[in-house]
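Residues per chain, in single letters:
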Amino acid sequence: MSQLATVLVRNTLLGDGKPKICVSITEATHEDILRSCKRIIDKGADIVEWRVDHFSRNDSPAAMEETLEALRGLLGDIPLIFTIRTKNEGGLADLPLWDYVKIYRAAARTEMVDIFDVELQIALNIPKEIIVELKRNAKLIFSKHFFTMTPSLEKMVDDMIRMQVFGADIAKLAVMPIDEGDVRRLFSASAEMVAHHRSTPIITISMGDLGVDSRIQCVKTGSCLTFAAVDAGSAPGQLPIDLLRYDMEQFNMTYRPPKA
């Protein structure tokens, strides 16, 4: 089976069949954010996500730029994802659309962000010119999160295809399983994307305890990125990074892909 399309972010290649590990920073203050970043770097994360919806001063462009500059200095060539997760999708932000866009545009002007995570519903409601502006110096993840259920296979595939059509460099879907059947359906949606819709890499996650295998078996699902925790996790079901890395290595050693 051919590989997904790849996306190069600094020196990190996503979609090459070697899933990367991302850890999120969810602290509120500048000082705590930098301390968390140092711990994440020490643990060997491939990518770092700054969850700006947790930042106590996200209404201040100057404070955000100061923190971005400090993070960039610490991270070196480690890619940085910039995310404002809304309350509708499991985050803390409760902003009017254009306030949300204003923060993203201000971050883009710093040229210190490598990837912007934009929720699909927001991407569908802002002018195409804004998408082009954000992509000028960064890649885009379009994301959709279902924190109470797992949609139908058709719905999951359709959402990821819409992300691709509207300009995402990477399509991300996170769902909550109620039973093992939901986890299998997420795996099936991932397989459908890998087999028939390879125009971008994908990130697919089944959250909570039931969905832990989706975080470990990325080489099977085709997911290019998985999320781990160093301090507090940013979503249900995240494993500590050391444990996740070990479990992924064990699975990768024994996994044999089906013959085409």
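I will try to describe carefully the structure that is included in this document.

Cut-offs applied
Residues numbered from 1 in each chain as written. Predicted model: local features only at pLDDT ≥ 70, side-chain atom pairs only at ≥ 80, totals over all residues. Heavy atoms only, no water. Salt bridge = Lys/Arg side-chain N within 4 Å of Asp/Glu carboxyl O. Helix = DSSP H or I, 4+ residues; strand = E, 2+ residues; numbered from the N terminus. Buried < 20%, exposed > 50% of the residue type's maximum accessible area, 1.4 Å probe, protein only. Contact = heavy atoms within 4.5 Å. Axes fitted to C-alpha atoms, helices over the stretch in contact; angles between N-to-C directions. Parallel < 35°, antiparallel > 145°, perpendicular 65-115°, else oblique. Left-handed = near helix turned anticlockwise from the far one by under 90°. Nonpolar A, V, L, I, M, F, W, Y, C, P; charged D, E, K, R; others polar.

## Notes on the pattern of salt bridges
All chains considered together, the criterion is met by 15 salt bridges. The partner of Arg 10 in a salt bridge is Asp 114, and the shortest N-O contact between them spans 2.8 Å. Placement of Arg 10 in the loop between β1 (7-9) and β2 (12-14) and of Asp 114 in the loop between α3 (97-110) and β6 (115-119) is noted, with a sequence separation of 104 residues between them. Arg 10 gets classed as partly exposed once you look at its relative accessible area, which sits at 32%. Taking the shortest distance from any N to any O, the salt bridge between Asp 53 and Arg 51 comes out at 2.9 Å. With respect to class, Asp 53 is no different from Arg 51; both count as buried. Each of the salt bridges in this network shares a partner with another, and the network as a whole consists of Arg 10, Arg 72, Asp 77 and Asp 114.

## Re the environment of Ile 21
Residue placement: Ile 21 occurs in strand β3 (residues 20-25). On the accessibility criterion, Ile 21 (5% relative accessible area) is buried. As for Ile 21 and Arg 109, which are separated by 88 residues in sequence, their C-alpha atoms are 27 Å apart. Setting aside chain neighbours within four positions, we find Ile 21 in contact with Ala 45, Asp 46, Ile 47, Leu 225, Thr 226, Ala 228, Ile 241, Leu 244, Arg 245 and Met 248.

## Looking at the packing of helix α6 (residues 153-165) against helix α7 (residues 180-196)
Across the interface, α6 lies against α7 with an axial gap of 9 Å and an inter-helix angle of 40°. The pairing of α6 with α7 is recorded here as oblique in orientation. Handedness of the α6/α7 crossing: right-handed. Together, Leu 153, Met 156, Val 157, Met 160, Ile 161 and Gln 164 of α6 and Arg 185, Leu 186, Ser 188, Ala 189, Glu 192 and Met 193 of α7 make up the contact between the two elements. Partitioned by chemical class, the residues of the contact of α6 with α7 number 8 nonpolar, 2 polar and 2 charged.

In short, shape yes, function no, at least from these values alone.
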